[in-house]
Amino acid sequence: DMELFDQRVAEVLAKKREELDVLSNQELIDLCLEKGLKQGNAKKDRMERLLVEVQKTGEVEAAVAAIARKVYRKELLALSKAALLKLCTKHGVDPIVKPVLVERIMTKENGGFDGSGEVADELEASEESKEPEDEVLPEEEQAEEPVMKKPRGR
């Protein structure tokens, strides 16, 4: 839908404009020089040149595509298993991906330790879709993540 695309482009450009607006004149001059653009006389000129450059390089389209993918992912996570299986069949996608199954089995059998040195993240899809992403908590509410220890030999 072109209308939705144009709306998202406007949102991305507005966000980029805000990011540029907080920069000093010297930082904007440096960015213009870095990108091979004319510096201009005023901060507004520099910002506009940088915004046009962002559009020319495809950065805006990439950001819009990332937003669309994130929205679609949330929509898919909200679907039932039956609806997801129906979509897999429709698109010819194998719903059972062997490497994913192997990792999940190994993680469960080893008490959360999968041997990669990282803690396995086993959120249910329904829980993940309900939680806001990229939420920043105040420092006093932030806690260190628990570290899973390697299980003892069996």
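Note that the structure is predicted; figures quoted are calculated from it, not measured.

K.L.:
Help me understand the pattern of salt bridges in this model?
P.N.:
Opposite charge on two side chains permits them to pair, given that their charged atoms come into close proximity. Counted according to the given criterion, the structure contains three salt bridges. Residues Glu 48 and Arg 17 are paired through a salt bridge, measuring 2.5 Å at the closest nitrogen-oxygen approach. Taken as a pair, Glu 48 in helix α3 (residues 43–56) and Arg 17 in helix α1 (residues 2–21) lie far apart in primary sequence, 31 residues in all.

K.L.:
Even after reading the chapter, I still don't get the environment of Ala 63, so can you show me in this structure?
P.N.:
With respect to the helices and strands, Ala 63 occurs in helix α4 (residues 59–78). In this structure Ala 63 comes out as partly exposed when scored by relative accessible area, which is 27%. Separated by 54 residues in the primary sequence, Ala 63 and Val 9 have C-alpha atoms spaced 8.3 Å apart.

K.L.:
It is not clear to me how the environment of Asp 6 should be interpreted in this structure. Could you clarify?
P.N.:
Residue placement: Asp 6 occurs in helix α1. Remark: the alpha-carbon pair of Asp 6 and Val 64, spanning 58 residues in sequence, is separated by 9.3 Å.

K.L.:
For this particular structure, what's the right way to read the packing of α1 against α3?
P.N.:
Each pair of packed helices can be described by the angle between their axes along with the distance between the axes. Relative to each other, α1 and α3 sit at 140°, their axes nearing to 10 Å. One finds that α1 runs oblique with respect to α3. Our pair here, α1 against α3, has a crossing hand that is right-handed. Residues Leu 13, Lys 16, Arg 17, Leu 20 and Asp 21 of α1 lie in contact with α3, whose contacting residues are Lys 43, Met 47, Glu 48, Leu 50, Leu 51, Val 54 and Gln 55. Here the residues of the contact of α1 with α3 are counted per class, giving six nonpolar, one polar and five charged.

K.L.:
Got a minute to help me understand the packing of helix α2 (residues 25–34) against α3 in this structure?
P.N.:
For the pair α2 and α3, interaxial distance at closest approach is 10 Å and the crossing angle is 35°. Of the two possible hands of crossing, α2 and α3 adopt the one that is left-handed. Touching Asn 25, Leu 28, Ile 29, Leu 31 and Cys 32 of α2 are Lys 43, Arg 46, Met 47 and Leu 50, all from α3.

K.L.:
I would appreciate a short explanation of the layout of surface pockets in the present structure.
P.N.:
Leftover empty space is mapped by rolling, across the atoms, a probe with the size of a water molecule. Quantified by volume, the second largest pocket comes out at close to 280 Å³. Forming the walls of the second largest pocket are Glu 11, Val 12, Lys 15, Lys 16, Glu 19, Val 54, Glu 59, Ala 63, Ala 66, Ile 67 and Lys 70. Within the lining of the second largest pocket, the residues separate by chemical class into five nonpolar, no polar and six charged.

K.L.:
I'm lost on the nonpolar core in this one. Help?
P.N.:
Nonpolar side chains tend to gather and get buried jointly when the protein is soluble and globular. One finds Val 9, Leu 13, Leu 20, Leu 28, Leu 50, Val 60 and Val 64 to be the most contacted residues of the largest nonpolar core, which totals 13 residues. Listed by contribution, the elements that provide at least two residues to this core are α1, α2, α3 and α4. Non-local contacts of Leu 20, meaning those with residues more than four positions away in its chain, are made with Leu 28, Leu 31, Lys 43, Met 47, Leu 50 and Leu 51.

Analysis parameters
Residues numbered from 1 in each chain as written. Predicted model: local features only at pLDDT ≥ 70, side-chain atom pairs only at ≥ 80, totals over all residues. Heavy atoms only, no water. Salt bridge = Lys/Arg side-chain N within 4 Å of Asp/Glu carboxyl O. Helix = DSSP H or I, 4+ residues; strand = E, 2+ residues; numbered from the N terminus. Buried < 20%, exposed > 50% of the residue type's maximum accessible area, 1.4 Å probe, protein only. Axes fitted to C-alpha atoms, helices over the stretch in contact; angles between N-to-C directions. Parallel < 35°, antiparallel > 145°, perpendicular 65-115°, else oblique. Left-handed = near helix turned anticlockwise from the far one by under 90°. Contact = heavy atoms within 4.5 Å. Nonpolar A, V, L, I, M, F, W, Y, C, P; charged D, E, K, R; others polar. 1 Å grid on protein atoms, 1.4 Å probe; cavity = no way out; pocket = protein on both sides within 12 Å on 5 of 7 lines; lining within 4 Å. Points joined across faces, edges and corners; volume = space filled by probe spheres on them. Core = buried A, V, L, I, M, F, W, Y, C linked by side-chain atoms within 4.5 Å.

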